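# Notes for the structure review
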Amino acid sequence: MSDDDDRLEELSSKELHDLAVRYALRHLDIPFFIRLMRALPVAEAAVGEIDEAEADALTLRAHLDDVTDSGEGEVADLLRPLYIDYLRKHGVTPQ
């Protein structure tokens, strides 16, 4: 593991989310957003947000709204591996 990888691990879940989403937006990386939208209902269900998970599984609109919220709380913590994997894969490091 490189020093940059260690620095990613030190970031908060919110910081990882923001870094990954900004990179994906800048590069129009639609597959990243699809992965994130697929992972959201699972993470939400895991933290007991069953209504959110059901809404996300049923509508694209709910997914789009939750992309922003996916950097908050326990859901963000469960999505840390997704963000770290994505950032490492693309060589993105903290400033």
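Higher on the page you've got the structure.
Residues numbered from 1 in each chain as written. Predicted model: local features only at pLDDT ≥ 70, side-chain atom pairs only at ≥ 80, totals over all residues. Heavy atoms only, no water.

### Quick word on the overall build of the protein
Each helix and strand in the protein was counted, giving six helices and zero strands. When burial is assessed residue by residue, the protein has 42% of its 95 residues classed as buried. The long-range share in the protein, meaning contacts at least 24 apart out of those at least 6 apart in sequence, stands at 71%. For the protein, the computed accessible surface area is about 5,700 Å², with 54% contributed by carbon and sulfur atoms. (Helix = DSSP H or I, 4+ residues; strand = E, 2+ residues; numbered from the N terminus. Buried < 20%, exposed > 50% of the residue type's maximum accessible area, 1.4 Å probe, protein only. Contact = heavy atoms within 4.5 Å. Areas by Shrake-Rupley, 256 points an atom, 1.4 Å probe, with all protein chains shown as cover.)

### What about the packing of aromatic side chains?
For the coordinates displayed, the defined rule picks out three aromatic pairs. When the ring of tyrosine 23 is compared with that of tyrosine 86, the centres are 5.8 Å apart and the planes differ by 70°; the resulting orientation is edge-to-face. In this pair, tyrosine 23 sits in helix H2 (residues 13–26) while tyrosine 86 sits in helix H6 (residues 73–89), placing the two residues 63 residues apart along the sequence. We classify tyrosine 23 as buried; its relative accessible area is 14%. Take tyrosine 86: its relative accessible area is 2%, and that puts it in the buried class. Pairing phenylalanine 32 with phenylalanine 33 gives two aromatic rings, centres 5.3 Å apart and planes at 70°, and the pair type is edge-to-face. (Phe/Tyr/Trp six-rings, centres within 6.5 Å; stacked < 30°, edge-to-face > 60°.)

### Brief notes about the environment of leucine 19
Inspection of the secondary structure assignment puts leucine 19 in helix H2. Given a relative accessible area of 13%, leucine 19 falls into the buried group. Taking the C-alpha atoms as reference points, leucine 19 and tyrosine 83, separated by 64 residues in sequence, lie 8.4 Å from one another. Apart from residues lying up to four places away in sequence, leucine 19 is in contact with Leu8, Leu11, Leu87, Val92, Thr93 and Pro94.

### Re unusual backbone geometry
Unusually for a residue other than glycine, leucine 28 sits at a positive phi of about 45°. Looking at where leucine 28 falls in the secondary structure, it is placed in the loop between H2 and helix H3 (30–46).

### What about the nonpolar core?
Counting residues in hydrophobic clusters, the biggest one holds 24 residues, and the most contacted among them are Phe32, Leu36, Leu79, Tyr83 and Leu87. Mapped onto this core, the elements with two or more residues apiece are H2, H3 and H6. Ignoring sequence-local partners within four residues, the contact set of phenylalanine 32 consists of Ala20, Val21, Ala24, Leu82, Tyr83 and Tyr86. (Core = buried A, V, L, I, M, F, W, Y, C linked by side-chain atoms within 4.5 Å.)

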